[in-house]
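An overview of the molecular structure
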Amino acid sequence: MSSLTDGPLVLGIETSCDETGIGIVRGHTLLADAVASSVEEHARFGGVVPEVASRAHLEAMVPTLERACETAGIRLQDVDAIAVTSGPGLAGALLVGVAAAKALALGLGKPLYGVNHLAAHVAVDQLEHGPLPEPCLAMLVSGGHSSLLKVEDVTVGVDPLGATIDDAAGEAFDKVARLLGLPFPGGPHIDKAAVSGNSVAIDFPRGLTARRDLERHRFDFSFSGLKTSVARWVEAKQRAGETVDVADVAASFQEAVCDVLTRKALDAAVTHGIEDILIGGGVAANSRLRAMAEERAAAKGIRVRVPRPGLCTDNGAMVAALGAELVARGRDASSLDLPADSSQPITTVVA
Ligand code: KG4
Ligand code: ZN
């Protein structure tokens, strides 16, 4: 074991979607965060192609690992543990990371932790803002997930309060961007286009906020009606031979998404007596979401923590951060026959 005085030295591997991430942390200190993305290979398909992602992980794994070790100035045998995303995610993509992690753990004789991708999105904030407030309300919004979670101890489990019942928030950004002729992934392009648009130009629907929906779906989200509404609006304009003001549509759509996300997150925090909200996942990089969350939370005396954008999108540092916390708190490691589980439940932090 390396010196544990500053926390365990952990290597984290992330391959659940289109980013090959290798992170190295010591306790709450980030030493390296190497990421190789295959996003450009998927762009022309308008979405991530699983087979393409798996092959890209295979090709990127060793060079990314070497880059991370070099940046951190460590040798592989120095690490105290290997952590890897075991799920949820794309099955073939997860397999590449899990196989690499097993090989490292076995070859180096180090414990292996197969961790939940969503819990890792929560734990990463410790690298930037220190120990997580306990409890905290985590809102995870990305291309694959949109969840509200009550987190008492991220190494033990999280309590799911709500989730999307159809599209994920990032998926809605990507689909609407496509409708507007913006490149994939669409979130950053909508964010940029919205800056010069009028956010109240079009009154798009706020999913699951009507009184009748709140009874069953108070903390759940729905973005597919919003996406359809944007599509209808754009089609109607085009049929009438009018030009579509991309900036106004982007701003009004973004406002609808951020309004629902922040409203529900605050409602969940207040209802559960939680004073800290943590936002993670790729959509947490959205400038309007950050501003609106901070403004609305401040009005209720609630604090908001958002990691910097590079830590919000998928990366290996988040997996290493969770791994280090698991080691520090003495949690049991996974077995070496750990499977990749594409639908690993959020309640399973370590598989
Ligand atoms: O967490 P992430 O990197 O991967 C998944 O697990 O999905 O999130 C990617 C998602 C994409 O849908 C992308 O469009 C969205 O995050 N995204 C954004 C922004 N940056 C990335 N959405 C809105 N505004 C942004 N600035
Ligand atoms: Zn993610």
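Numbering of residues starts from 1 in every chain and runs along the sequence as written. The lettering of chains begins at A and the numbering of ligands begins at 1, in the order of writing. A pLDDT threshold of at least 70 governs which residues receive local features in this predicted model, and a stricter bar of 80 or more applies before side-chain atom pairs are shown or counted, although totals over entire chains, interfaces and linings include all residues. Side-chain numbers come from the whole structure's heavy atoms, not from hydrogens or water.

Our focus in this paragraph is the overall build of the protein. Per the secondary structure count, the protein includes 13 helices and 10 strands. Projecting the C-alpha coordinates of the protein onto the three principal axes gives extents of approximately 65 × 45 × 30 Å. Only protein chains enter the accessibility calculation, which uses a 1.4 Å probe. A residue is then buried if its area is under 20% of the maximum for its type, exposed if over 50%, and partly exposed in between. Within the span of the protein, comprising 351 residues, buried residues form 54% of the whole. Of the contacts made within the protein by residues no fewer than 6 positions apart, 75% connect residues no fewer than 24 positions apart. Surface exposure of the protein reaches about 14500 Å², of which carbon and sulfur atoms provide 51%. We treat Lys and Arg as the positive residues and Asp and Glu as the negative residues; His and chain ends play no part in the count. Every charge is mapped to an atom, namely NZ of Lys, CZ of Arg, CG of Asp or CD of Glu. When the 31 basic and 44 acidic side-chain charges of the protein are each reduced to a single mean position, those positions are 4 Å apart. Helix and strand definitions here come from DSSP, where helices need a minimum of 4 consecutive H or I residues and strands a minimum of 2 consecutive E residues; each element is numbered from the N-terminal end. What makes two residues a contact is simply this: any of their non-hydrogen atoms within 4.5 Å. Computed with the Shrake-Rupley method and a 1.4 Å probe, the accessible areas treat only the protein chains shown as cover for residues.

Okay, the side chain of His 121 next. On the secondary structure map, His 121 appears in helix α4 (residues 117-123). What makes His 121 buried here is its relative accessible area of 1%. Whenever two N or O atoms come within 3.5 Å, that pair is a polar contact, provided that in protein one can donate a hydrogen and the other can accept it, and provided that, for residues adjacent in sequence, both atoms are side-chain atoms. Of note is the side chain of His 121, whose polar atom sits 3.1 Å from the side chain of Asp 314. Dropping the residues within four chain positions of it, His 121 is found in contact with Leu 140, His 145, Gly 281, Cys 312, Thr 313, Asp 314 and Met 318.

Once that is clear, we can look at the sheet that holds strand β6 (residues 136-141). Reading across from one edge, β8-β7-β6-β9-β10 is the order of the 5 strands in this open sheet, with mixed pairing throughout. The open sheet has two free edges, formed respectively by β8 (157-163) and β10 (303-305), since each of these has just one partner strand. Across the sheet, the mean angle from the axis of one strand to that of its neighbour is 25°, orientation sign disregarded. Where β6 and strand β7 (residues 146-153) come together, 6 bridges link them in antiparallel fashion. Paired with Met 139 across the strands is Leu 148, a residue of β7. Contacting β6, β9 (276-280) and β10, helix α11 (residues 287-299) runs over the sheet at an angle of about 160° to β10. The pairing criterion is simple: DSSP has to find at least two bridges between the two strands. Note on geometry: axes are C-alpha line fits, over the in-contact stretch for helices, and angles between N-to-C directions span 0 to 180 degrees.

Because no water is among the atoms considered, metal sites can look incomplete, with donors defined as N, O and S atoms within 2.8 Å of the metal, or 3.2 Å for Na, K and Ca. Donor atoms from the polypeptide that bind the zinc ion (ligand 2) are His 117 (NE2), His 121 (NE2) and Asp 314 (OD), placed at 2.1 to 2.2 Å. The motif formed by the donor residues of the zinc ion (ligand 2), counted along the single chain, is H-x3-H-x192-D. One end of the pair, His 117, is in helix α4; the other, Asp 314, is in the loop between α12 (309-312) and α13 (316-328), with 197 residues separating them in the sequence. Look at His 117 and you get buried, because its relative accessible area is 2%.

This part takes up the pairing of strand β1 (residues 9-14). β1 sits mainly inside the fold: 6 of its 6 residues count as buried. The alternating pattern of β1 places Leu 9, Leu 11 and Ile 13 on one face and Val 10, Gly 12 and Glu 14 on the opposite face, and all of these are buried. Pairing geometry for β1 and strand β2 (residues 19-26), over 6 bridges, is antiparallel. Bridge pairing in β2 places Ile 13 opposite Ile 22.

Another point: helix α10 (residues 246-271). To estimate how far a helix should extend, the number of its residues minus one is multiplied by 1.5 Å. Here α10 spans 37 Å end to end across 26 residues, near enough to the 38 Å set by a 1.5 Å rise per residue. In terms of residue burial, α10 counts as a mostly covered element, since 21 of its 26 residues are buried. Capping the start of α10, Asp 245 holds a side-chain oxygen 3.2 Å from the backbone nitrogen of Ala 247, two or three residues further along. The positive-phi residue at the C-terminal boundary of α10 is Gly 273, with phi of around 65°.

Overall, mixed pairing links the 5 strands, which are arranged β3-β2-β1-β4-β5 in an open sheet. Sheet topology places β3 (29-37) and β5 (112-116) at the edges, where each strand pairs with a single neighbour. Taken over all neighbouring pairs, the strand axes of this sheet differ in orientation by 20° on average, direction set aside. As judged from the 5 bridges shared by strand β4 (residues 81-87) and β5, these two strands associate in the parallel manner.

Spatial relationships are all this shows, so hold off on functional conclusions.
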